[in-house]
Amino acid sequence: MSTQKDPANIGQVLSFLREWDRGDKAVRGRMLNTFVSRNSGKTSVELELEFAQVASLFLARLTTWMKLTYMCGTFLGIQLKAIGIFLSASSHDQYVMEFLEDGGVLTLLEILGHSRSKEKEKTEALCLLLAVSNAGRKYKEIICESHGVTAIAECLAKSNTNETQETAAALLESIFHGNPKYQNQIYKGLIALMTCRSPKAQQLALHNLHTVQCRMKTAHCSIVQPVLNMLRSLHLEVQDDAIHLILELKCYDVRPLLLTGLVTLLRPIEEVQNHMEESEMIKMTGTLPVFVQQAAAAKAIRLLAKNSDELSRELLSLGVIRHLLCTMGNRDHADSQIQASLALEFVRSYPVIEEHVQRGIGSTLFEAFMNQTDTLCMNMDETQAEILLTNKVNITEA
């Protein structure tokens, strides 16, 4: 091969390729390490000078060797880095097309799901797919046609390193933009990701969904339940991103489903009839995630209703006042009480609601609620809690 200063002649290149063809894996590994150290960051013009205008011959050999040996994984890391030099070479998509024609994209997607692939190798494979995606719309479509959305999403859900997950999320966002043919498929794939167990994957999916949803004309109804379920996450960043997405969804046709779901989450209860006493006993039940979800729902309702008279009236029509009062009576979870009391600004905003609430919970408790909300939440006794839990306030309009 050439020195770094002088271009190669065809004889040097053929000698290099002959050594590659005859070499065992140790020889090829050494040659790849030399190639990567000497050629990282080069443009396509510089690579062609290095290989006497036949660099494609070496790329084809690299791609074939990776396809034949990636399951063993011995040299996969350096193979991916070497191929990356070609795919990231600026101002030229010839290498990308040749890589695709040799089945390179399918191999990269298989690497993502292979049990013996290391996390670093998966990250490198994702970076190569990102380089392919960034080359243009037809390349994004080829990735999707190769069942790439599923493979990338599964990698994001199952990976255990932040770098791999973040690269997978960046790739999903990249293949979405400028790819109208497959936008719905990617959108639904991101919705499905919210149901995975990884908090990091959930957070990245929510972040991507916010970006993607802004570019969608409608919201699919399947997004509602998963995003409501994210409110029970014990990871604050996941919960915050879920609320952020909910605030975005208020502008779409799923709004009625979303508002109904939020109001329902305020009362994770089971009703028990005590026929001997002829009274209804309502016991607040639930695990910590359920109560966390209850508090987050109250917070989301407050943010939705804030500065929006239209949303406030829609929530009122769903009986939100009664549900918020019930939530405020949950002595088992202080944040539920606090978020409910903050959301109950409805009471102060409409005089007619004030009157209904006062009649529903009694003057003494109403006075404490209006003037000493913080103290009431901190020191609520069993009697006060029972009044709130069993309140019959029924107001659906202001």
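Structure first, text after, so check above.
Only a predicted model underlies this, so the values are computations on that prediction, with no experimental measurement involved.

Draft legend 1. Expanded view of the packing of helix α6 (residues 94-101) against helix α9 (residues 137-145). Between α6 and α9, whose axes approach to 12 Å, the crossing angle comes to 20 degrees. Taken together, the axes of α6 and α9 lie roughly parallel to each other. For the pair α6 and α9, the sense of crossing is left-handed. Facing Val-96, Met-97 and Leu-100 of α6, the residues of α9 in contact are Lys-138, Tyr-139 and Ile-142. Taken together, the residues of the contact of α6 with α9 break down into 5 nonpolar, no polar and 1 charged.

Draft legend 2. Spotlight on unusual backbone geometry. In this structure, Gln-53 takes a positive phi of about 70 degrees despite not being glycine. Here Gln-53 shows up in the loop between α3 (44-50) and α4 (55-69). You will see that His-147, though not glycine, has its phi angle at about 60 degrees, which is positive. Turning to its location among the elements, His-147 is positioned in the loop between α9 and α10 (148-158).

Draft legend 3. A look at helix α1 (residues 10-22). Spanning 13 residues, α1 covers 18 Å between terminal C-alpha atoms, matching the ideal 18 Å at 1.5 Å per step. Listed in full, the buried residues belonging to α1 are Val-13, Phe-16, Leu-17 and Trp-20. Burial along α1 is one-sided: seen end-on, the buried residues are contained in an arc of 95 degrees. Two to three positions downstream of the cap, the backbone nitrogen of Gly-11 sits 3.0 Å from a side-chain oxygen, assigning the N-cap of α1 to Asn-9.

Draft legend 4. The arrangement of the layout of surface pockets in detail. Considered as a void within the structure, the second largest pocket measures approximately 220 Å³ in volume. Around the second largest pocket, the lining comprises 13 residues; the ones closest to its centre are Ile-338, Thr-373, Asp-374, Cys-377 and Met-378. Secondary structure elements with two or more residues in the lining of the second largest pocket: α20 (334-343), α21 (345-349) and α24 (373-379). Considering every element that reaches the lining of the second largest pocket, the biggest residue donor is α20, with 5 residues. For the lining of the second largest pocket, the class distribution of residues is 6 nonpolar, 3 polar and 4 charged.

Draft legend 5. Quick peek at the environment of Gln-339. Within the fold, Gln-339 resides in helix α20. Along the chain, Gln-339 and Arg-28 lie 311 residues apart, while their C-alpha atoms are 63 Å from each other. Excluding anything up to four places from it in sequence, Gln-339 contacts Ala-295, Ala-298, Lys-299 and Arg-302.

Conventions and cut-offs
What you see as residue numbers is a count from 1 along each chain, following the sequence as written. In keeping with the model being predicted, local features are shown solely for residues with a pLDDT of at least 70 and side-chain atom pairs are shown and tallied solely at 80 or more, while totals for entire chains, interfaces and linings include all residues. To get the side-chain values, all heavy atoms of the structure are used, and hydrogens and water are removed first. Note on definitions: angles span 0 to 180 degrees between N-to-C directions of axes, and those axes are lines fitted to C-alpha atoms, for helices only across the stretch in contact. We count a stretch as a helix when DSSP gives it H or I for four or more residues in a row; a strand needs E for two or more, and each element gets its number in order from the N terminus. Working rule for angles: under 35 degrees goes down as roughly parallel, over 145 as roughly antiparallel, 65 to 115 as roughly perpendicular, anything else as oblique. Crossing handedness is read from the near helix: turned anticlockwise from the far helix by less than a right angle, it gives a left-handed crossing, and turned clockwise, a right-handed one. Any two residues having at least one pair of non-hydrogen atoms within 4.5 Å are treated as being in contact. Basically, the charged four are Asp, Glu, Lys and Arg, the nonpolar ten are Ala, Val, Leu, Ile, Met, Phe, Trp, Tyr, Cys and Pro, and anything else, Gly included, counts as polar. Given the number of residues in a helix, its expected span is that number minus one, multiplied by 1.5 Å. A simple rule labels every residue: compare its accessible area, found with a 1.4 Å probe on the protein chains alone, to the largest value its type can have, and call it buried under 20%, exposed over 50%, or partly exposed in between. To obtain the arc, one takes the directions from the helix axis to the C-beta atoms. Whenever two N or O atoms come within 3.5 Å, that pair is a polar contact, provided that in protein one can donate a hydrogen and the other can accept it, and provided that, for residues adjacent in sequence, both atoms are side-chain atoms. Using only the protein atoms, space was sampled on a 1 Å grid; points where a 1.4 Å probe fits but cannot get out form cavities, open sets with protein on both sides within 12 Å along at least five of seven lines form pockets, and lining residues are those with an atom within 4 Å of a point. Grid points are joined across faces, edges and corners, and a volume is the space filled by probe spheres set on the points.

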